[in-house]
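# Report on the structure
Single-letter residue listing:
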Amino acid sequence: MASKKLKLIPLGGLGEVGKNMMAIEYGDNILIIDTGIMFPENDMLGVDYIIPDFSYILKKKDKVRGIVVTHGHEDHTGAIRHVLAEIQAPIFATRLTRGLLEVKLRRGNMLKETKLNTIEAGEQVQIGPFGVEFFHVCHSIPDGVGLGITTPAGLIVHSGDYKFDHTPVDGWPSDFGKLAEFGSRDVLALLADSTNADEPGWTPSEAVIDPAFDDVFRLAKGRILIGTFASLISRMQQVANAAARHGRVMAFVGTSMIENAKMARKLGYLEIPDELIVPIDKALKMKASKVVLMCTGTQGEPSSILGRLSTGSNRQFDIRSGDTVVLSSHPIPGNEEMIHRTINRLFQNGADVIYDPIAPVHISGHAKQEEMKLLIQLVQPSYVIPIHGELRHLKQHAALARDIGIPHENIAVVENGTVIEFKNGKMEIGDRVPGGYVFVDGSGVGDVGPSVMREREALARDGFVIVHLSLDDSSGTLRGEPEIVSKGFVFVRDAEELFEHARMRVREIVARGNETEVKARVERELAKFFYSETKRRPMVFVFTSNGG
Ligand SMILES: [Zn+2]
Ligand SMILES: [Zn+2]
């Protein structure tokens, strides 16, 4: 047996849904699995997306032998440019996943200097000391893989995102045979997707969406707008099939939707005849009953196409009465409120909106409880480590593993940043490393820390007050009245008395002297004053000007 420790370092996706990233370390070698992003929750103001904190790897970047990407979804690929900007390691991905990564790298002008290796399910590749066997899994995007990683410390199986669909859209079921074969090879640990661990039963096949789409297409009199993720390639195929069956043509709306569809068609993962696709400007001039528009924005994101349509701020076209909008995706936990707001607004604008509980227009791409148990039974691991999910999902997954005979002490429920170590075939919980959020805001990465976020929250909640003091150069006394303006705090016309009291306070504070501290003192004391009077905490800014 090897003498060194094998370390599994979860950097994202454990304790949350999104930004999946895991590092596997043995001696001087690191393998990275997935580089995902997460979309912000609605209390993270002004944040575009969140990437994993991978500062642990930055200290050892010359040890990274490769980056394996399991499939093309944003929560596995979205941070690739941020990771490559720091760590220039070769990437290993299947053809479609590679194609979708290329779209991102080209946008960031990083395609040329990146080493991309195409792998195929069924293949084995040696990456440093790690022998990686790729096996096919079905999911809501074609060409997804799970990994069997032979390390000097033992065989690790990583499920990727998977489900056991016998009739998937692309006709290629998960590789049961390979999983059973792993089961005969003493698997040290199984790392498995926990997304649906609190849902009993078996995830229905993607095929059940087809009749649901047929119902929608039969009943819709006007335009049909389908909202989904730009990376849900299988769903695009199903919409195209339905469009063909019902005599409509389809148009893709939004850059990521257009680019991903183009790439998937070019590589043969999306089979849509040319005559079925029209550009959006042409679709908008056609008879409403003849078109389907594929849009982004199922999570209520204000900047997405559906988000903009719901608020009437889309440039190219508006929602009109007679439109049918289908939300073909599942709410990511935390987004429910925004999604419901979007749905309500779409209704207000005259659309008919069809979403998951109303009709089965979305089916999960992730395994439910019976599939998760089957996976463990097939792979027969010594240890089980639930990955991809909030803590409640990881806990439920652990309970399922216990139910089918994995001893409690052989299951590790950990969140991002908690290292799991294997030595001499034994599992131990290791050190804590950074595993938090890095906010990406506009083009800035990580400039927005928790203190900025707290300030944005305060501004959004209670607004701000600005105080201008004109001070005398020599005496430090006030020249004229303090000026006070506010936004988002109180209705100014009703607040004259409040502001008059505030001005009085300011005069008193300034009169107490000590000019150097005047700004800070006024800010502090006015904040207290406003809180005692209104029970609200506006941010108070003071600026001074001097004169003689
Ligand atoms: Zn996925
Ligand atoms: Zn995922």
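Our structure's up above, just so we're on the same page.
Quick look at the structure, then.

Calculation notes
Residues numbered from 1 in each chain as written. Chains lettered and ligands numbered in written order. Predicted model: local features only at pLDDT ≥ 70, side-chain atom pairs only at ≥ 80, totals over all residues. Heavy atoms only, no water. Axes fitted to C-alpha atoms, helices over the stretch in contact; angles between N-to-C directions. Helix = DSSP H or I, 4+ residues; strand = E, 2+ residues; numbered from the N terminus. Parallel < 35°, antiparallel > 145°, perpendicular 65-115°, else oblique. Left-handed = near helix turned anticlockwise from the far one by under 90°. Contact = heavy atoms within 4.5 Å. Buried < 20%, exposed > 50% of the residue type's maximum accessible area, 1.4 Å probe, protein only. Polar contact = N/O pair within 3.5 Å; in protein donor to acceptor, adjacent residues only side chain to side chain. Pairing = 2+ DSSP bridges. Donors = N, O, S within 2.8 Å, 3.2 Å for Na, K, Ca; no water. Tetrahedral: all angles 85-135°; square planar, octahedral: opposite > 155°, others 65-115°. Nonpolar A, V, L, I, M, F, W, Y, C, P; charged D, E, K, R; others polar.

## What about the packing of helix 6 (residues 209-219) against helix 7 (residues 233-245)?
Between helix 6 and helix 7, the least distance of the axes is 10 Å, while the angle of their chain directions is 45 degrees. Between helix 6 and helix 7, the angle is such that the two are oblique. Remark: the crossing between helix 6 and helix 7 carries right-handed chirality. Along the contact surface, helix 6 presents I209, D210, F213, D214 and F217, while helix 7 presents R235, Q238, V239, A242, A243 and R245.

## Considering the side chain of T203
Looking at where T203 falls in the secondary structure, it is placed in the loop between strand 12 (187-193) and helix 6. The exposure class of T203 is buried, given its relative accessible area of 2%. At a separation of 3.3 Å, a polar atom in the side chain of T203 contacts the main-chain amide nitrogen of K368.

## A look at the sheet that holds strand 23 (residues 464-472)
Across the sheet, which stays open at both edges, the three strands sit in the order 24-23-25 with mixed pairing between neighbours. Single-partner strands in this sheet number two, and they are strand 24 (483-487) and strand 25 (539-547). For this sheet, the mean inter-axis angle between neighbouring strands, taken without regard to orientation, is 20 degrees. Of the strand pairs in this sheet, strand 23 and strand 25 are connected by nine bridges, and their pairing is parallel. Paired with S470 across the two strands is S545, which belongs to strand 25.

## A closer look at the coordination of the zinc ion (ligand 1)
In an ideal octahedron of six donors the angles at the metal are 90 or 180 degrees, and in an ideal tetrahedron of four donors they are 109.5 degrees. Every protein donor of the zinc ion (ligand 1) is listed here as H71 (NE2), H73 (ND1), H139 (NE2) and D161 (OD), and their distances to the metal cover 2.1 to 2.3 Å. Coordination at the zinc ion (ligand 1) comes from four donor atoms whose angles at the metal span 88 to 169 degrees, giving a geometry best classed as irregular. In terms of primary sequence, the donors binding the zinc ion (ligand 1) are separated according to H-x1-H-x65-H-x21-D. Taken as an interatomic distance, the gap from the zinc ion (ligand 1) to the zinc ion (ligand 2) is 3.3 Å; D161 donates to each of them. Of the two residues, H139 sits in the loop between strand 9 (130-137) and strand 10 (144-151) while D161 sits in the loop between strand 11 (154-158) and helix 5 (176-183), which places them 22 residues apart along the sequence. Judged by relative accessible area, which is 2%, D161 ranks as buried.

## Overview of the packing of helix 4 (residues 95-107) against helix 8 (residues 255-266)
Packing of helix 4 against helix 8 leaves a shortest axis separation of 9 Å and a crossing angle of 135 degrees. When the axes of helix 4 and helix 8 are compared, the pair comes out oblique. Note on packing geometry: the crossing formed by helix 4 with helix 8 is right-handed. Where helix 4 abuts helix 8, its residues L96, G99, L100, E102, V103, R106 and R107 lie against S256, E259, N260, M263 and A264. A class-by-class count of the residues in the contact of helix 4 with helix 8 yields five nonpolar, three polar and four charged.

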